Amino acid sequence: MDHFLYRDGILHAEDVALPEIAAAVGTPFYCYSTATLERHFRLFQEALNPLPNLVCFAMKSNSNQAVLRTLANLGAGMDVVSGGEYLRAKAAGVPGDRIVFSGVGKTRAEMRQALAGGIRQFNVESEPELMALSEIADGLGLTAPIAIRVNPDVDAKTHEKIATGKSENKFGIPIARAREVYALAASLPGIEVVGIDVHIGSQLTDLEPFHQAYAKVAELTSVLRAEGHDIRRLDLGGGLGIPYERSNSAPPLPLEYGQLIKDTLGHLDCEIEIEPGRLISGNAGILVSEVIYVKEGEGRDFLILDAAMNDLMRPSLYGAHHDIVPVVEPAAAAETRGFDVVGPVCETGDTFAKQRALPHLSPGDLVAFRSAGAYGAVMASEYNTRPLVPEVLVKGDQFAVIRPRPTFDEIINRDTIPSWL
Ligand SMILES: *Cc1c(COP(=O)(O)O)cnc(C)c1O
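Keep in mind it's a predicted model, so treat the numbers as computed, not measured. (Residues numbered from 1 in each chain as written. Predicted model: local features only at pLDDT ≥ 70, side-chain atom pairs only at ≥ 80, totals over all residues. Heavy atoms only, no water.)

Chemist: How should the overall build of the chain be read in this particular structure?
Modeler: For the chain, the count of helices and strands is twelve helices and 21 strands. The globule rule puts the C-alpha radius of gyration for 421 residues at 22 Å, and the 23 Å found for the chain is close to it. Principal-axis analysis of the C-alpha atoms gives the chain an extent of 70 × 60 × 40 Å. Residues classed as buried in the chain amount to 54% of the 421 residues present. When the accessible surface of the chain is totalled, it reaches about 17,800 Å², and 52% of it is carbon and sulfur. Looking at the chain, you have 38 positive and 55 negative side-chain charges, and the mean spots of the two groups are 2 Å apart. (Helix = DSSP H or I, 4+ residues; strand = E, 2+ residues; numbered from the N terminus. Rg over C-alpha atoms; globule rule 2.2 N^0.38 Å. Buried < 20%, exposed > 50% of the residue type's maximum accessible area, 1.4 Å probe, protein only. Areas by Shrake-Rupley, 256 points an atom, 1.4 Å probe, with all protein chains shown as cover. Lys, Arg positive; Asp, Glu negative; His and termini not counted. Charge placed at Lys NZ, Arg CZ, Asp CG, Glu CD.)

Chemist: Mind showing me how you'd approach helix α4 (residues 83–91) here?
Modeler: Buried residues of α4: Gly83, Glu85, Tyr86 and Ala89, and no others. Buried residues of α4, seen end-on, are gathered within an arc of 160 degrees and therefore sit on one face of the element. Check the buried side of α4 and you find it contacts α3 (65–72), β6 (77–80), β7 (99–101) and α5 (108–117). Where α4 terminates, the next one or two residues include Gly93, which has phi positive at roughly 100 degrees. (Arc of directions from axis to C-beta. Contact = heavy atoms within 4.5 Å.)

Chemist: Sorry if this is basic, but what is going on with the environment of Leu255 here?
Modeler: With respect to the helices, strands and loops of the structure, Leu255 is situated in helix α9 (residues 254–265). Under the relative-accessibility criterion, Leu255 is labelled exposed at 59%. Along the sequence, Leu255 and Gly83 sit 172 residues apart, while their C-alpha atoms lie 32 Å from each other.

Chemist: I keep staring at the pairing of strand β2 (residues 10–13) and nothing clicks. Help me out?
Modeler: Remember that side chains alternate between the two faces of the sheet whenever the strand is regular. As paired strands, strand β1 (residues 4–7) and β2 are joined by four bridges and run antiparallel to one another. Its bridge partner lying in β2, Leu5 is registered against His12. Hairpin geometry of β1 and β2 is characterised by an intervening segment of two residues between the two adjacent antiparallel strands and by a positive phi of about 50 degrees at Asp8. Where β2 hands over to strand β3 (residues 16–17), the hairpin turn is made up of two residues, of which Glu14 adopts a positive phi near 50 degrees. (Pairing = 2+ DSSP bridges.)

Chemist: I'm lost on the packing of α4 against α5 in this one. Help?
Modeler: Between two packed helices, both the angle of their axes relative to each other and the distance between the axes serve to describe the pair. Two numbers describe how α4 lies on α5: the axes approach to 9 Å, and their chain directions differ by 20 degrees. Classed by the angle they form, the pair α4 and α5 counts as roughly parallel. Once α4 is placed against α5, the crossing between them reads as left-handed. Here Gly83, Tyr86, Leu87 and Lys90 of α4 come into contact with α5, specifically with Glu110, Gln113, Ala114 and Gly117. (Axes fitted to C-alpha atoms, helices over the stretch in contact; angles between N-to-C directions. Parallel < 35°, antiparallel > 145°, perpendicular 65-115°, else oblique. Left-handed = near helix turned anticlockwise from the far one by under 90°.)

Chemist: How should I be thinking about the site of the ligand in this particular structure?
Modeler: In the vicinity of the ligand there are 15 residues, among which Lys60, Ser202, Glu275, Arg278 and Tyr375 approach most closely. Gly239 is positioned with one of its backbone polar atoms (N or O) 2.8 Å from an oxygen atom of the ligand. Tyr375 is positioned such that a nitrogen or oxygen atom in its side chain is 2.6 Å from an oxygen atom of the ligand. Contact with the protein chains removes 94% of the 390 Å² of surface that the ligand exposes when unbound. Each residue belonging to the shell around the ligand can be placed in one class, and the counts come to three nonpolar, seven polar and five charged. (Near = heavy atom within 4 Å. Polar contact = N/O pair within 3.5 Å; in protein donor to acceptor, adjacent residues only side chain to side chain. Nonpolar A, V, L, I, M, F, W, Y, C, P; charged D, E, K, R; others polar.)

Chemist: Any chance you could explain the sheet that holds β3 here in plain terms?
Modeler: Pairing between the strands of a sheet is mediated by backbone hydrogen bonds and can be parallel or antiparallel. With antiparallel pairing, the three strands of this open sheet are ordered in space as β1-β2-β3. The open sheet terminates on both sides in strands that have one partner only, identified here as β1 and β3.

Chemist: It is not clear to me how the pattern of salt bridges should be interpreted in this structure. Could you clarify?
Modeler: Pairing of side chains with opposite charge becomes possible as their charged atoms draw close. For the structure shown, the criterion picks out 20 salt bridges. Put simply, Arg7 and Asp15 hold a salt bridge, and the shortest N to O gap is 2.7 Å. Of the residues examined, Arg7 reaches a relative accessible area of 39% and is grouped as partly exposed. Because the salt bridges share partners, they merge into one network encompassing Arg120, Arg233, Glu271 and Glu273. (Salt bridge = Lys/Arg side-chain N within 4 Å of Asp/Glu carboxyl O.)

Chemist: I'm lost on unusual backbone geometry in this one. Help?
Modeler: Glycine aside, the phi torsion of most residues is negative, and most peptide linkages are trans. Cis geometry is found at the peptide bond from Thr27 to Pro28, where omega equals -5 degrees. Positionally, Pro28 belongs in the loop between α1 (18–25) and β4 (29–33). Omega for the peptide link from Asn49 to Pro50 comes to 5 degrees, which places this bond in the cis form. Residue placement: Pro50 occurs in the loop between α2 (34–48) and β5 (53–58). Despite not being glycine, Asp8 shows a phi value in the positive range, around 50 degrees. Positionally, Asp8 belongs in the loop between β1 and β2. At Glu14, a residue that is not glycine, the phi angle is positive and equals roughly 50 degrees.

Chemist: What is the right way to read the domain arrangement of the chain from this model?
Modeler: Size of an interface: often given as the accessible area lost when the parts come together. Taken as a whole, the chain is organised into domain 1 (4–31 + 282–412) and domain 2 (34–280). When each unit is reduced to the centre of its C-alpha atoms, the spacing between domain 1 and domain 2 is 32 Å. With 23 residues of domain 1 at the contact, the number on the domain 2 side is 25 residues. A buried area of about 2,100 Å², summed over both sides, lies between domain 1 and domain 2, and 51% of it is on carbon and sulfur atoms. (Domains from an automatic or database assignment. Buried area = accessible area lost by both parts, 1.4 Å probe.)

Chemist: Looking at this structure, I do not really get the packing of α3 against α4. What am I missing?
Modeler: Running from N to C, α3 and α4 point in directions that differ by 60 degrees, and their axes come no closer than 9 Å. Here α3 is positioned oblique relative to α4, judged by the angle of their axes. Like other packed secondary-structure pairs, α3 and α4 cross with a definite hand, here right-handed. Here Gln65, Leu68 and Arg69 of α3 lie close against α4, whose contacting residues are Arg88, Ala89 and Ala91.

Chemist: Please clarify how the packing of aromatic side chains should be interpreted in this entry.
Modeler: Aromatic rings considered in pairs are described by the distance between their centres and by the relative angle of their planes. Applying the stated criterion across every chain, the model contains seven aromatic pairs. Centre to centre, the rings of Phe210 and Tyr214 are 5.7 Å apart; their planes meet at 40 degrees, and the pair counts as tilted. Taken together, the residues Phe210 and Tyr214, both in helix α8 (residues 208–226) and four residues apart, mark about one turn of the helix. Across the pair, exposure class does not vary: Phe210 and Tyr214 are buried alike. Three or more aromatic residues joined by ring pairs form one cluster here, namely Phe44, Phe210, Tyr214 and Tyr257. (Phe/Tyr/Trp six-rings, centres within 6.5 Å; stacked < 30°, edge-to-face > 60°.)

Laid out in structure tokens, this is it:
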């Protein structure tokens, strides 16, 4: 459920009509709904209740300061994957003891930064990383709380570019080697084992892979405890999928996911951490764009928009589907025809959809890409010197620009000319 609905024939974000924002900000722009962000975050908290838990928003899905602050105000933790994200989380007001640090390639500088600033836990993905962290923490006279990310070798049945829990993926330590690596961790200075971490992939639309992975984590918890490790936290990752196509069957709900966690892990008396990204931010955002031309080709009609692959990369990167809807609601009986929906970038890959059924549209009309709040603005670039797409946050009848569109002068002046030129 989200808060982007037609009212009196015009698509609104909460109580604000999208043409009003378009007139103020220009197109294209991302628009987020506070009510949807808050609702999705609370759904996870309620789903885990009464287990002690911390919901850590995977901020790589959407790291705008205003989005982070909205969630931080509800008590959210953050899952960060870089030193930059760590600083963004701190800047948004998230205390270090609510930040977990994930990722296969943490640098020594990033470890130092997070240890000095305060960190809830590092999710360690390899032995070399463990050794480096021990050395850095010990050198600073500090202790690094860690969970080891285990790779449970389950098939998440999702797109190959976002599956992470198979043995051939680069993530985590094979679960069969976990005992050995935990023993090493326990022997190292500057390291304190606090839990186990697992994350098997993104956009999962079936609970079965989670079930398999969490059953393995439950078993591993008992094994490690028997060997003297104080396993008191279980970080279960993110990955719950969202319905990108309204017409398709719905993926599992947070409540069902929470029940699965209780069933598989609830008896272990551990604090549960989860790291949802997409399910919190995905349907809380849309990308609004204007039709530039309707081009009738040979046997194919093109809808040429002012948004492009640099603004929303998912279709060209993963072949991802986004529902595209006109901002002015078409009549129920309106005829549709197939369009290739494309942007102005000089790449054939700059195609959002092929033969998408849409009603009649004219230059100047607005359209919205649904479910664009996750892995949308964060992946945007300025390819073709197209200014970085702005972001807008709506709350009730108010809206604010939370990242302005840069001017061409700002873009050009970021480059510097060497003295010899
Ligand atoms: C990407 C990622 C997530 C979030 O995944 P979603 O599908 O957005 O929920 C959580 N944890 C880790 C370690 C990740 O890499």
